[in-house]
2 protein chains.
Amino acid sequence: MMGKITIRDVAREAGVSISTVSNALNDVDVLNPATKSHVLKVAQRLNYVPNLNGKQLKSGKTMMLGFFTTSVTGPYFYKLVESMSRQCDRLGYGLNVFVTKDKQVVMSNILGRRVDGVIIYEELGINDKDIHAMNKENIKAVFLDRVLQKESMGSIIFDSFEAGYEATKYLIGLGHKKIAYISGVDTMFDSVQRREGYLAALRQYSLPVSEDYILQGYFEEESTFNAVKSFIRAFPEKLPDAFLAGNDLSAIGCIQALKSHGYEVPLDISVMGFDDIDIAQYYSPPLTTVRNQIARQGILTIDHLVRMIQKKEQGNAQKLKGEIIVRGSSHVKFDRNDQM
Amino acid sequence: MMGKITIRDVAREAGVSISTVSNALNDVDVLNPATKSHVLKVAQRLNYVPNLNGKQLKSGKTMMLGFFTTSVTGPYFYKLVESMSRQCDRLGYGLNVFVTKDKQVVMSNILGRRVDGVIIYEELGINDKDIHAMNKENIKAVFLDRVLQKESMGSIIFDSFEAGYEATKYLIGLGHKKIAYISGVDTMFDSVQRREGYLAALRQYSLPVSEDYILQGYFEEESTFNAVKSFIRAFPEKLPDAFLAGNDLSAIGCIQALKSHGYEVPLDISVMGFDDIDIAQYYSPPLTTVRNQIARQGILTIDHLVRMIQKKEQGNAQKLKGEIIVRGSSHVKFDRNDQM
DNA sequence: CTTCGCTATAAAAACGTTTTTATAGATAAA
DNA sequence: TTTATCTATAAAAACGTTTTTATAGCGAAG
């Protein structure tokens, strides 16, 4: 029978003006306390819930942040979403996840002011023109896993160079001297950075850098399996002390190949990956790997975005270090000759 | 310098009224085609993007569905979100994921009309009064994993009773007689239903039902690991033929515990889980489990909700059957005594 | 006494749309 | 020729808020 209860209904019922109701509800401190509590009581009694569209239209604020991503599949995303939404809660914002591949959808939601600020996962195809449009509208954004050209926006990314560097340093610390790298997909930023870090560490410790020690594994188990097998067949005498694989899947493929040739990991050869995927700890041997601090990325992202919104701060680029997780696939260099 | 471009700016620039602009943009077929294309061209040139709050305030529609959940962690959720958002796309809706534990947030977003319809994951504490409020506002909702009291709302749930029943029947079919159940979280509907199904199957086949054979694993690997270990220590002579774990994580914890005591799975004891999580097939041994058709649940959910919204259909309750996936963690009963 | 300023509230404007109603001009019917 | 109908567009109202501006009442300062 009775339709939606509006602020007008509350005003009439409480015998005051709608501005008074608004002030009471929004805790604006200009009202007589008695009036305020009376209004609140009436609102409660009528089960009044403000219409957010009206509210947001006028105020220009939604107190919502939007996370735009092409996918939400896999542990990376749910860990990220989990930590971001928790942090939003703390700061009084809501987090809204939009799963879409359509850039049009993204831009119309952003410029259409459905949210106060946005987190954008790479690969949505947001370009300079889009960023310019956002800037013009004074919309704040933080990008994940993307190097930003525009100073105006924020970005919180993992430092893959540092990760590659540290991982290699760790292997060197175990006494390994001949370290091979199994590359991922060469068009991907992460892949290239990890390799550069690997090379930098080798140079730093004056270890030989050889093209032969860079294999192509394409971030996949099978490709890596084949690549390692061909390597072993081609250079049986040049077997490295350790393999640093572009990611954990690749590390698994590498270990499978070594096993199939009768080598033991980690006794004969150490193998290390990146990402710390779920399987890493269950695999045999459990993988030594570099873990990204996803929860931390989520928290920093929200903090940064909220500062940009509330304190009108400029966006900047922050890099996160990886964390080396030592498990069973790596071992201090063990020289068979010493044994004999 | 120049602020947000509104429909008014487009109207002025194109030399028409704002209603004409609105009609052109919304493809209302009353305009002279020349006028329409002219207006569209101007809108394009000005990079006009409609303000969604204004739009939604007036029209009363958002073309958005909201998924409200306490958590988004784990494969169940990302598979569900993935399939729901894909189906939303197809039907011209956007899907919005709200991760929150605060019922107040949920209700204010729902009654505040931020979305046209909602999908609610259980455990948010939505009660009859809330549902009544939604009904009064004519808001459509579909509940997941929850038995509904109110006829007016929809629900698409997995038949966990059936799943528990069928899984147990499968184990019985392998020749197992002493079957233990590792319970999940007792406040969760699924957990309780699976256990009831388990009990029903035991009764059906006149097998003994014992309280000792119901362990508490809380749907977690570690809790289950500890629970199973304590069981083994407490009743070494009463070891069951098979464990039916409340979910796959629990099954893994169970197997770890059995392994640590020197038992072999499945030769000594069969273990079975629920959910078919990603690790299930990689685990050693690969898990026998009951798979829910998550993608199907997502599609049915969206379809149902959209029908309720667009065709003003009544909500109803649908149940989905699980599918038993036989892998390496279960085996026909093998009696060591026969061997000796 | 005025006048000023302050307090508590009300009234009105504004946010950016869509929708409803009005209007001018053209075409068709009488 | 007049009137009615239709077409294309414009004007105005409405959606439900917040924010800005106005106002009545009152105590204090001159």
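Because the structure is a prediction, the values reported are computed rather than measured.

### Focus: the overall build of chain A
Right, on to step 1. Each helix and strand in chain A was counted, giving 13 helices and 12 strands.
Right, on to step 2. Taking 340 residues into account, the globule formula puts the C-alpha radius of gyration at 20 Å, and chain A, at 27 Å, lies well above it.
Right, on to step 3. Viewed in the frame of its principal axes, chain A has a C-alpha envelope of about 95 × 40 × 35 Å.
Right, on to step 4. Relative to its full complement of 340 residues, chain A shows a buried share of 52%.
Right, on to step 5. Considering only residue pairs separated by 6 or more positions, chain A has 70% of its internal contacts joining residues 24 or more positions apart.
Right, on to step 6. Carbon and sulfur atoms make up 51% of the accessible area of chain A, which totals about 15,700 Å².
Right, on to step 7. Where the 41 positive side-chain charges of chain A centre and where its 39 negative ones centre are 9 Å apart.

### Here we look at the interface of chain B and chain A
Right, on to step 1. Across the contact, 40 residues belong to chain B and 37 residues belong to chain A.
Right, on to step 2. Across the chain B to chain A interface the summed buried area is about 3,700 Å²; carbon plus sulfur atoms make up 55%.
Right, on to step 3. The three residues of chain B that bury the most area against chain A are Asn53(B), Tyr78(B) and Arg114(B), which together make up 18% of that side's buried surface.
Right, on to step 4. Connecting chain B to chain A are zero salt bridges.
Right, on to step 5. Counting across the interface, chain B meets chain A through 10 residue pairs in polar contact (both at pLDDT 80 or more).
Right, on to step 6. Elements with a minimum of two residues in the side of chain B that touches chain A: α4 (52-59), α5 (75-91), β2 (94-99), α6 (103-111) and α11 (248-260) of chain B.
Right, on to step 7. The class makeup of the residues in the side of chain B that touches chain A is 20 nonpolar, 13 polar and seven charged.

### Things to note about the protein's contact with DNA strand D
Right, on to step 1. Taken together, 26 residues form the shell around DNA strand D, and within it Ile7(A), Ser22(A), Lys58(A), Ser17(B) and Thr35(B) come nearest.
Right, on to step 2. Asn51(A) is positioned such that a nitrogen or oxygen atom in its backbone is 3.1 Å from a phosphate oxygen of DNA strand D.
Right, on to step 3. Asn32(B) has a polar backbone atom sitting 2.9 Å from a phosphate oxygen of DNA strand D.
Right, on to step 4. For the surface near DNA strand D, the secondary structure elements donating two or more residues are α1 (7-14), α2 (18-25) and α4 (52-59) of chain A together with α2 (18-25) and α4 of chain B.
Right, on to step 5. For the surface near DNA strand D, the per-class residue count stands at 10 nonpolar, 12 polar and four charged.

### Looking at the protein's contact with DNA strand C
Right, on to step 1. As a structural note, the neighbourhood of DNA strand C is formed by 26 residues, with Ser17(A), Thr35(A), Ile7(B), Ser22(B) and Lys58(B) the closest of them.
Right, on to step 2. Within the side chain of Asn26(B), a nitrogen or oxygen atom sits 3.0 Å from a phosphate oxygen of DNA strand C.
Right, on to step 3. Elements represented by at least two residues in the surface near DNA strand C include exactly α2 and α4 of chain A together with α1 (7-14), α2 and α4 of chain B.
Right, on to step 4. In terms of residues, the surface near DNA strand C owes the most to one element, α4(B), which gives four residues.
Right, on to step 5. Among the residues forming the surface near DNA strand C, the class breakdown is 10 nonpolar, 12 polar and four charged.

### Some points on the pattern of salt bridges
Right, on to step 1. For the coordinates displayed, the defined rule picks out 29 salt bridges over all chains.
Right, on to step 2. A salt bridge links Asp186(A) to Arg195(A), with the shortest nitrogen-to-oxygen separation between them at 3.2 Å.
Right, on to step 3. When salt bridges that share partners are traced, they join Asp276(B), Arg291(B), Glu323(B) and Arg327(B) into one network.

### Focus on the UniProt feature "domain: HTH lacI-type" (unreviewed entry) in chain A
Right, on to step 1. What UniProt calls "domain: HTH lacI-type" (unreviewed entry) maps, in this numbering, to residues 5-59 of chain A.
Right, on to step 2. Span residues 5-59 of chain A is 67% helix and 0% strand, its end C-alpha atoms 20 Å apart.

### Side note on the environment of Tyr213(B)
Residue and element names in this part refer to chain B.
Right, on to step 1. Tracing the backbone shows Tyr-213 in the loop between α9 (189-204) and β7 (214-216).
Right, on to step 2. As for Tyr-213 and Phe-231, which are separated by 18 residues in sequence, their C-alpha atoms are 9.1 Å apart.
Right, on to step 3. Other than its neighbours up to four places away in sequence, Tyr-213 contacts Lys-178, Ile-179, Ala-180, Tyr-181, Tyr-198, Phe-231, Lys-238, Leu-239 and Pro-240.

### Points about helix α5 (residues 75-91) of chain A
Right, on to step 1. In this model α5(A) runs 24 Å from its N-terminal to its C-terminal C-alpha over 17 residues, within 8% of the 24 Å that 1.5 Å per residue would give.
Right, on to step 2. Buried residues of α5(A): Tyr76(A), Phe77(A), Tyr78(A), Leu80(A), Val81(A), Glu82(A), Ser83(A), Met84(A), Ser85(A), Gln87(A) and Cys88(A), and no others.

Reading the values: the criteria
- Residues numbered from 1 in each chain as written.
- Chains lettered and ligands numbered in written order.
- Predicted model: local features only at pLDDT ≥ 70, side-chain atom pairs only at ≥ 80, totals over all residues.
- Heavy atoms only, no water.
- Helix = DSSP H or I, 4+ residues; strand = E, 2+ residues; numbered from the N terminus.
- Rg over C-alpha atoms; globule rule 2.2 N^0.38 Å.
- Buried < 20%, exposed > 50% of the residue type's maximum accessible area, 1.4 Å probe, protein only.
- Contact = heavy atoms within 4.5 Å.
- Areas by Shrake-Rupley, 256 points an atom, 1.4 Å probe, with all protein chains shown as cover.
- Lys, Arg positive; Asp, Glu negative; His and termini not counted.
- Charge placed at Lys NZ, Arg CZ, Asp CG, Glu CD.
- Buried area = accessible area lost by both parts, 1.4 Å probe.
- Salt bridge = Lys/Arg side-chain N within 4 Å of Asp/Glu carboxyl O.
- Polar contact = N/O pair within 3.5 Å; in protein donor to acceptor, adjacent residues only side chain to side chain.
- Nonpolar A, V, L, I, M, F, W, Y, C, P; charged D, E, K, R; others polar.
- Near = heavy atom within 4 Å.
- UniProt positions renumbered as here; feature names shortened; annotations may be inferred.
- Expected span 1.5 Å × (residues − 1).

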